[in-house]
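Below are the chains, spelled out letter by letter.
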Amino acid sequence: MQSSSSPKSNVYFIRFSDVSKNPLHPLGADLLKHIDSHLKQAIGNASVTSIVLMGSDRQFSAGANLQELNANVSNISGKNKVSSSTTLSSILNQGPSSLSILDVIETLESCPKPTVAFIAGTCLGGGLELSLACHVRVCLPSAKLGLPEVHVGLIPGAGGTQRLPRLIGLQQALPMILTGKPVNAKKALQLGLVDGIVDEKDVKSCTIDAVATKWAQWAEALPLRRVSQLTCRESLPEAHVMLHMAQLSLPKLGSEGMLGALTAMRACVQAKTFQDGMRVESEQFLAALTSPQGKARRHAFFAVRKAQQLRHQAPSNHPLLQKDISSVETAVIGAGTMGSGIALVLLRAGFKVVLVDVQEQALKRGMDFLQTTIDTQCKQGKLNGSMAQNMLQRLHSTMRLTDLSAAQLVIEAAIENMQIKQSIFKTLKEVTSPSALLVTNTSTLDVDAIGSAAGLHFFSPAHVMQLVEIVAGKNTTPATVAVLQLLTKRIGKIGVVVGNCDGFCGNRLLKPYQAETTMLLVEKQDKKPPSIQQVDAALLNFGMALGPFQLSDLAGNDVGFNIRKERGWVRSNSNEPIPRQRPHRYSELPDLMVSELGRNGQKVGKGWYDYDPAIGKGRKGFVSREMETFLNRFYDASSADKLKEMTEQEIVERVLFPLVNEGFKCLEEGIAREPSDIDVIYLYGYGFPAWRGGPMYWADHEIGLKNLLEGLRRLSRQYPGTDHFIPSKLLERCVTNGVTVDEYCQKSRDSVGRSKL
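So, a few notes on the structure that sits alongside this text. (Residues numbered from 1 in each chain as written. Predicted model: local features only at pLDDT ≥ 70, side-chain atom pairs only at ≥ 80, totals over all residues. Heavy atoms only, no water.)

## Let's talk about the overall build of the chain
In step 1: When you go through the chain residue by residue, the secondary structure sums to 32 helices and 18 strands.
In step 2: Dimensions of the chain, computed from the C-alpha atoms along their principal axes, are close to 95 × 65 × 55 Å.
In step 3: Here the chain, with 757 residues, has 55% of them falling under the buried criterion.
In step 4: For the chain, the share of sequence-separated contacts (at least 6 apart) that also reach a separation of at least 24 residues comes to 70%.
In step 5: In the structure as shown, the chain presents an accessible area of about 33400 Å², 51% of it carried by carbon and sulfur atoms.
In step 6: Between the centroid of the 84 positive side chains of the chain and the centroid of its 71 negative side chains there is a distance of 2 Å. (Helix = DSSP H or I, 4+ residues; strand = E, 2+ residues; numbered from the N terminus. Buried < 20%, exposed > 50% of the residue type's maximum accessible area, 1.4 Å probe, protein only. Contact = heavy atoms within 4.5 Å. Areas by Shrake-Rupley, 256 points an atom, 1.4 Å probe, with all protein chains shown as cover. Lys, Arg positive; Asp, Glu negative; His and termini not counted. Charge placed at Lys NZ, Arg CZ, Asp CG, Glu CD.)

## A short note on the environment of L437
In step 1: Looking at where L437 falls in the secondary structure, it is placed in strand β13 (residues 437–440).
In step 2: Sequence separation between L437 and T330 is 107 residues, and the spatial gap between their C-alpha atoms is 9.4 Å.

## A few points about the sheet that holds strand β7 (residues 183–184)
In step 1: The strand order across the open sheet built from three strands is β4-β6-β7, with neighbouring strands paired in mixed fashion. If you trace the sheet from one side to the other, it starts and ends with β4 (122–124) and β7, each paired once.
In step 2: Pairing of strand β6 (residues 144–146) with β7, which is carried by two bridges, proceeds in the antiparallel orientation. Across the sheet, the residue bridging to K144 is N184, located in β7. (Pairing = 2+ DSSP bridges.)

## Side note on the sheet that holds strand β1 (residues 11–15)
In step 1: Spatial ordering of the open sheet is given by β1-β2-β3-β5-β8, a layout of five strands whose pairing is parallel. Each edge of the open sheet carries a strand with a single partner, namely β1 and β8 (196–197).
In step 2: Across two bridges, the pairing between strand β5 (residues 136–139) and β8 is parallel. Among the inter-strand pairings, V138 is bridged to a residue of β8, identified as G196.

## Some thoughts on the nonpolar core
In step 1: If you look at the biggest cluster of nonpolar residues, it comprises 80 residues, and the most contacted ones within it are L521, W608, L656, F664, W698 and L708.
In step 2: Top contributing element to this core by residue count: helix α27 (residues 648–669), with ten residues.
In step 3: Each residue touching W698, except ones within four places of it in the same chain, is listed here: F542, V652, L656, F657, V660, F688, R692 and I703.
In step 4: Counting residues in each nonpolar core, the second largest holds 70 residues, with C123, C134, A158 and I177 among its members. (Core = buried A, V, L, I, M, F, W, Y, C linked by side-chain atoms within 4.5 Å.)

## Examining the state of the cysteines
In step 1: Summed over the entire model, instances satisfying the criterion amount to zero disulfides.
In step 2: No disulfide involves C268; its sulfur sits 3.6 Å from the nearest other cysteine sulfur, which is in C232.
In step 3: A residue is classified by how much of its surface remains accessible, and C268, at 3% relative accessible area, is buried. (Disulfide = S-S within 2.5 Å.)

## Comments concerning helix α23 (residues 548–555)
In step 1: When we look at burial in α23, the residues that qualify are P548, F549, S552 and D553. Considered in projection along α23, the buried side chains sweep an arc of 135° and stay on one side of the axis.
In step 2: Considering only its buried residues, α23 is in contact with α21 (506–522), α22 (532–542), α24 (557–566) and β17 (610–611).
In step 3: G556, located one to two residues past α23, shows a positive phi value of around 110°. (Arc of directions from axis to C-beta.)

## Focus: the packing of helix α30 (residues 705–718) against helix α31 (residues 729–737)
In step 1: Axis separation between α30 and α31 bottoms out at 9 Å; the angle between their running directions is 135°. Put simply, α30 runs oblique to α31. The chirality of how α30 crosses α31 is left-handed. Only L731, E732, C734 and V735 of α31 make contact with α30, whose side of the interface consists of L705, K706, L708, L709, L712 and R713.
In step 2: Grouping the constituent residues of the contact of α30 with α31 by class yields seven nonpolar, no polar and three charged. (Axes fitted to C-alpha atoms, helices over the stretch in contact; angles between N-to-C directions. Parallel < 35°, antiparallel > 145°, perpendicular 65-115°, else oblique. Left-handed = near helix turned anticlockwise from the far one by under 90°. Nonpolar A, V, L, I, M, F, W, Y, C, P; charged D, E, K, R; others polar.)

## A closer look at the pairing of strand β15 (residues 467–472)
In step 1: Of all six residues that make up β15, six are buried, and the element is covered over most of its length.
In step 2: In β15, alternate side chains face the same way, and those of L467, E469 and V471 on one face and V468, I470 and A472 on the other are all buried.
In step 3: Across six bridges, β15 lies against strand β16 (residues 494–499) in parallel orientation. For I470, the partnering residue across the bridge sits in β16 and is V497.

## With respect to the side chain of R394
In step 1: Within the fold, R394 resides in the loop between α17 (385–393) and β11 (395–398).
In step 2: Lacking a salt bridge, the buried R394 has D324 as its closest oppositely charged neighbour, with an N-O distance of 8.2 Å.
In step 3: A distance of 3.0 Å separates the side chain of R394 from the backbone oxygen of L347, its partner in a polar contact.
In step 4: Sequence-distant contacts of R394, that is, excluding residues within four places in its chain, are made with S326, L347, G350, F351, K352 and V353. (Salt bridge = Lys/Arg side-chain N within 4 Å of Asp/Glu carboxyl O. Polar contact = N/O pair within 3.5 Å; in protein donor to acceptor, adjacent residues only side chain to side chain.)

## What to know about unusual backbone geometry
In step 1: Cis geometry marks the peptide bond from S460 to P461, where omega comes out at -5°.
In step 2: With respect to the secondary-structure elements, P461 resides in the loop between β14 (454–458) and β15.
In step 3: Although it is not a glycine, F504 sits at a positive phi angle of roughly 55°.
In step 4: Secondary-structure assignment places F504 in the loop between β16 and α21.
In step 5: Classification of F504 by relative accessible area gives buried; the value is 0%.
In step 6: We note that K617 has phi near 55°; this positive angle belongs to a residue other than glycine.
In step 7: Note on placement: K617 falls in the loop between β17 and β18 (621–622).

## So, the pairing of strand β2 (residues 50–54)
In step 1: Along β2, five of the five residues are buried, which leaves the element largely enclosed by surrounding structure.
In step 2: In the sheet, β1 pairs with β2 via five bridges, with the strands oriented parallel. Residue R15 lies in a different strand from β2, and its bridge partner there is M54.
In step 3: What joins β1 to β2 is helix α1 (residues 29–44), and the crossover it makes is right-handed.
In step 4: Two elements, β2 and strand β3 (residues 115–119), share four bridges in a ladder whose sense is parallel. Bridging from a neighbouring strand, M54 pairs with F118 of β3. (Right-handed = clockwise from strand over helix to strand, strands pointing away.)

By themselves, these observations are geometric and do not establish any function.
What follows is the structure, given as structure tokens:
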């Protein structure tokens, strides 16, 4: 049905789905023109008594079209027009016939006839701002409403910071805008964000149009309420306190957009007129839009979507991709922390899950973890009773691999030992169906040597961390890659396709990072070696979620120890000869702190730091006197008393430059498909700050590749023979050509050995 006036009720429907093919109905130029055109038709039609805006039966709108917005910014930036005199309209209005959302909202709110936003599903960002310009808002029980702009480095720029506080109060608007978290229909009604929730009985017994018509007729009986004309609920002193407290609660780093939103909301309560407040909002929106942090956050947003794009076709009838998967059996081998977490992920997604472990006690611990976690989530309201019961009914356990004959997917998450894994896959190929997908969760071992179809490298804890590396080996088919991409998305994860090598992509880059953080503590140099705490502080102040030693304690120092042992780097005792395969520069400090002192990390109460189970749930680290004494075995700190201390910038460059360099080498070898894929891996797997865009983006846009190259050459001269300081050939080509690595890979994929992943 076209957007038109209904002859029976005189209600005019404007449907976004009539022009928008995207089910989320982003507010691009075509859709805005569609809304504006039909609004004016409805206003000029004397028989129309009210107007309903709706996306479709399932979605309203997810907000602005960020691709168009980015293109407009790039277009203006390319013409050197972005300056203090640049207006928001000049960004939003590109071309002689273009229309901005601000124009549409002004027409909508000033409409002399009642306008109703009929909201189903997603109503976010510009979609919510559009609805705030309507006189009435009604939603289905499925609706999610929010202003998530801060997640992409922006602030609400179409009146959100001015209308939302007027409608629901500053106290309730602050968390919605500063966290970007949406609210459900019930909460929206409590806040006064919507005027009503459609009864589910009406949805089942009537058409959506009929239900919307009833609400439109109800709106016709009410006086027109324009949100911009409402006064703020809070007094100036109350608002000042709320805004001040909100500012104190913001993160110390990466908060430019949030500070801009606060400035705009301050104008909401202080400005003399609504238009004055809108001018401040526009100024702050433009500042966020063109700021380095804003650009980095939007890079991260698009990088995720790029990483998830399919390059190959998946079989349409694959059992893992069918609509109803409640009877599709999957299995996880290994009931430890990782395996149990993966099992929980599969259960949440709706699969039938068999947890396998050859050790009875380990299997019991894994099953207990799943039971306890599901019960806890039930108490927290994250699951209802029937959902929890359904999950437990789909969960089974066994100690025998021969019980997996019906499994369509098997994820091996056993200990990092090549022989054990090879034995598991040999048995699996004998007992499972030829069509079953057999994958390994190894974090470093050769996927091809193991004998798996591919790798699914989850990050610990698997039920919390969003990232999964999809590892394509030499025998991994394109169809398998596509199935695993769709599967990771289905289970709520961000999947990034990588090639098969030692450490794949993420852990391969982590290897020089961890090596250099350790060498900083023990190696003689022209500066005083930093302490464990100083190294962590430098990376925390850079913006990392955890310092390198905090991260190691959290993951478990024994994990790294076992990996180094598997590589043949660890000596059983000091009388053994130094292994030939060991790196040129190597410290046995992290090996001996595990083998001699048992300092495995948080899980045992001691690692690089000491932990007290009575403080911070055993997660807060304290300086360890034992480690300070132990460090003296490797470096006599008193001999460096007269040396200058390293700056935080020097520490950051020492550990992150080789990490980025390894990223360039992954691109050279085809281990990573895109520079942005590496960014996604580090943003979602290793706590790299989103407001810096990821390590490759950081190198391109903050450090500068010329500076990176010079820094690596300097470090290579200082520490000769260290492979990870030897500059990548790709980096050298980028600097020679004067382009970023992203530009180089876009233009010259063949010359960088484009991945066939």
